[in-house]
Amino acid sequence: MDEPLKIKRIYLSELQSFYEKEKNNSILPISFKRVQSYIHNPRANQDLPVLYIAYLNDEMISYRSVFQDSFESNEGERISIVWISGSWTHPEFRKKGYSRIILDELSRDYQQHIFISNYGNLSFSLYSKRQDLINFRFLNGHRFYYRFSLAEILSARNKFFAKTKFILSSMDVLGNIFIDCKKLFHKNKNALSVESATFNDELNEFITKHQYNSLFKRNTKEFQWVFDFPWVEQADNDNEIDRRYHFTTSAKRFVKKAVTIRKNNQIHGFLLYSIKNQSMNIHYIFYETDIEKEEFAKYIYSMIQKEKISTLVLTDQKLIDSMKKKKGYIFSKNWTKGYFVGKKLLEKYPEIKSKEIFMGDGDTIFT
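Treat the numbers as computed from the prediction; the structure is a model and nothing was measured.

The rules behind each value
- Residues numbered from 1 in each chain as written.
- Predicted model: local features only at pLDDT ≥ 70, side-chain atom pairs only at ≥ 80, totals over all residues.
- Heavy atoms only, no water.
- Pairing = 2+ DSSP bridges.
- Helix = DSSP H or I, 4+ residues; strand = E, 2+ residues; numbered from the N terminus.
- Axes fitted to C-alpha atoms, helices over the stretch in contact; angles between N-to-C directions.
- Contact = heavy atoms within 4.5 Å.
- Buried < 20%, exposed > 50% of the residue type's maximum accessible area, 1.4 Å probe, protein only.
- Polar contact = N/O pair within 3.5 Å; in protein donor to acceptor, adjacent residues only side chain to side chain.
- Phe/Tyr/Trp six-rings, centres within 6.5 Å; stacked < 30°, edge-to-face > 60°.
- Parallel < 35°, antiparallel > 145°, perpendicular 65-115°, else oblique.
- Left-handed = near helix turned anticlockwise from the far one by under 90°.
- Nonpolar A, V, L, I, M, F, W, Y, C, P; charged D, E, K, R; others polar.

**Student:** Where do I start with the sheet that holds strand β13 (residues 311–314) in this structure?
**Tutor:** If you walk across this open sheet you meet the twelve strands as β1-β2-β3-β4-β5-β14-β6-β13-β12-β11-β10-β7, and the pairing is mixed. Strand pairing shows two members of the sheet lacking a second neighbour, β1 (6–10) and β7 (194–196), which therefore form its edges. Neighbour to neighbour, the strand axes of the sheet diverge by 30° on average, direction disregarded. Two elements, β7 and strand β10 (residues 254–263), share three bridges in a ladder whose sense is antiparallel. Each bridged residue has a counterpart across the sheet, and for E195 the counterpart in β10 is T260. Where helix α1 (residues 12–22) meets the sheet, its contacts fall on β1, β2 (51–56) and β3 (59–72), and the angle it forms with β1 comes to roughly 115°. Helix α3 (residues 98–109) rests against β1, β2, β3, β4 (78–89) and β5 (114–116) of the sheet, and its axis sits at about 35° to β3.

What follows is the structure in structure tokens.
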């Protein structure tokens, strides 16, 4: 006779020792890099769990990890919340409600102080049916395609294309040779005023000024933490942990960079972006005028050429318009990212709907 399902909660104070105990098991519910990031999180909440694990007959069958965060209410109160960040269920136990049971426990513990993004179609269906969650926001942006990558895109979506991956790869090579040849006759003007950022008080003051309507209001201390404790490392081959932990811990190329624009010895712009393999995401961008916006557009375009970027995703509409004018892309389309929030949290703090959310908010900047 099966024992009843057991839910184990892991708090920050237990996380390091838990990982050391579990690190050699065939299934890892959290990576070492996440452990270090969670422990050093400036917005961590020591009183609430960061990992939920479901056991059946002492076998780990499902887990959910969460990423702790907070925002400031209109009254200046600091409100602890959590992002759902990593949900897995053993293939033999899927579609039996175990993931939902963990989410029920999590929702009660956090009193519905929950945010969710980066979900797949199946998760969207699960979250949409819940009475304690509301699909309240869509972050709209644009995706630009600068190089051919049919083998990577199509083979991941369809078994037929997976079988013809070699042919698609050959087409990609030929197409990209043509693109590279065209660039030989095009001289891109670099943005000379763009330089690497230093996370100091001066930059913090500039960022604070441009986040007056931001929900999460990041500061330089937190950005430094993001750079110091990444979840993904750059590696030529898959990390051994990747076979036991079901979320990305390594990529052939993974770079995060923050740059500023300085004029008259003052900061006039800030940009934070990441490059993962051939994809570039703009997580945060703040600028004084359209002059700095154009400087950033030149800089981004120069990086696309230099790093041979295939896709670019950004959400700043003025910057999107500038990148469209620069041409150089093969194709572009609208891009959307949805968000769920706990119903009680939204009812208590309705300003959540009107505050600005950036692409880098939540766990996106780490992955």
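Back to the write-up after that little detour.
**Student:** Looking at this structure, how should I read unusual backbone geometry?
**Tutor:** Its identity as a non-glycine residue notwithstanding, N264 has a phi of 55°, on the positive side. Tracing the backbone shows N264 in the loop between β10 and β11 (266–276). Look at N264 and you get exposed, because its relative accessible area is 75%. Located in the positive-phi region is N277, a residue other than glycine, with phi close to 55°. Topologically, N277 is positioned in the loop between β11 and β12 (279–287).

**Student:** Quick question: what am I supposed to make of the pairing of strand β14 (residues 331–342) here?
**Tutor:** Working note: regular strand, side chains alternate between the two faces of the sheet. Bridging between β5 and β14 involves two bridges; their strand directions are antiparallel. Across the sheet, the residue bridging to F115 is V341, located in β14. Sheet analysis places strand β6 (residues 133–145) next to β14, joined by twelve bridges and oriented antiparallel. Among the inter-strand pairings, F144 is bridged to a residue of β14, identified as S332.

**Student:** Is there a simple way to think about the side chain of R130 in this case?
**Tutor:** Looking at where R130 falls in the secondary structure, it is placed in the loop between α4 (121–128) and β6. Since its relative accessible area comes to 12%, R130 is described here as buried. At 2.8 Å, the side chain of R130 and the side chain of D104 are in polar contact. When neighbours within four sequence positions are excluded, R130 is seen to be in contact with R100, L103, D104 and S107.

**Student:** Help me out: how do you make sense of the packing of aromatic side chains in this one?
**Tutor:** Each aromatic ring pair is described using two quantities: the centre-to-centre distance and the angle formed by the ring planes. Inspection of every chain in the model, using the stated rule, returns 34 aromatic pairs. Seen from their ring centres, W83 and F216 are 5.5 Å apart, and the 45° between their planes marks the pair as tilted. Linking W83 in strand β4 with F216 in the loop between α8 (201–209) and α9 (220–228), this pair joins segments that are 133 residues apart in sequence. We classify F216 as buried; its relative accessible area is 0%. For the ring pair F286 and F358, a centre distance of 5.3 Å and an interplane angle of 90° mean the geometry is edge-to-face. Placement of the pair is F286 in strand β12 and F358 in the segment after α12 (343–348), with a sequence separation of 72 residues. Through pairs of rings, three or more aromatic residues link up here, namely F199, F223, F227, F270, Y284, F286 and F358.

**Student:** Any chance you could explain the environment of M359 here in plain terms?
**Tutor:** Structurally, M359 is set in the segment after α12. A relative accessible area of 2% means that M359 is categorised as buried. The spacing of M359 and L139 is 220 residues in sequence and 7.7 Å in space, taken between C-alpha atoms. When sequence neighbours within four positions are dropped, the list of residues in contact with M359 reads L139, N281, I282, H283, V313, L314, T315, W335, K337 and T364.

**Student:** Would you take a moment to explain the pairing of β11 for this structure?
**Tutor:** Across the eleven residues that make up β11, a large majority, nine, are buried. Across ten bridges, the pairing between β10 and β11 is antiparallel. Counted as the bridge partner of K263 is Q266 from β11. From the end of β10 to the start of β11, which pair antiparallel, there are two residues, and N264 there has a positive phi angle of about 55°. By the bridge criterion, eight bridges tie β11 to β12 in an arrangement that is antiparallel.

**Student:** Help me understand the packing of α1 against helix α2 (residues 32–39) in this model?
**Tutor:** In a pair of packed helices, the angle between the axes and the distance between the axes together describe the arrangement. Viewed as axis vectors pointing N to C, α1 and α2 meet at an angle of 160°, and their least axial separation amounts to 10 Å. The orientation of α1 with respect to α2, classified from their angle, is roughly antiparallel. Relative to α2, the crossing made by α1 is left-handed. Where α1 approaches α2, its residues L12, L15, Q16 and Y19 are matched on the opposing element by F32, V35, Q36, Y38 and I39. Among the residues making up the contact of α1 with α2, the classes are represented as seven nonpolar, two polar and no charged.

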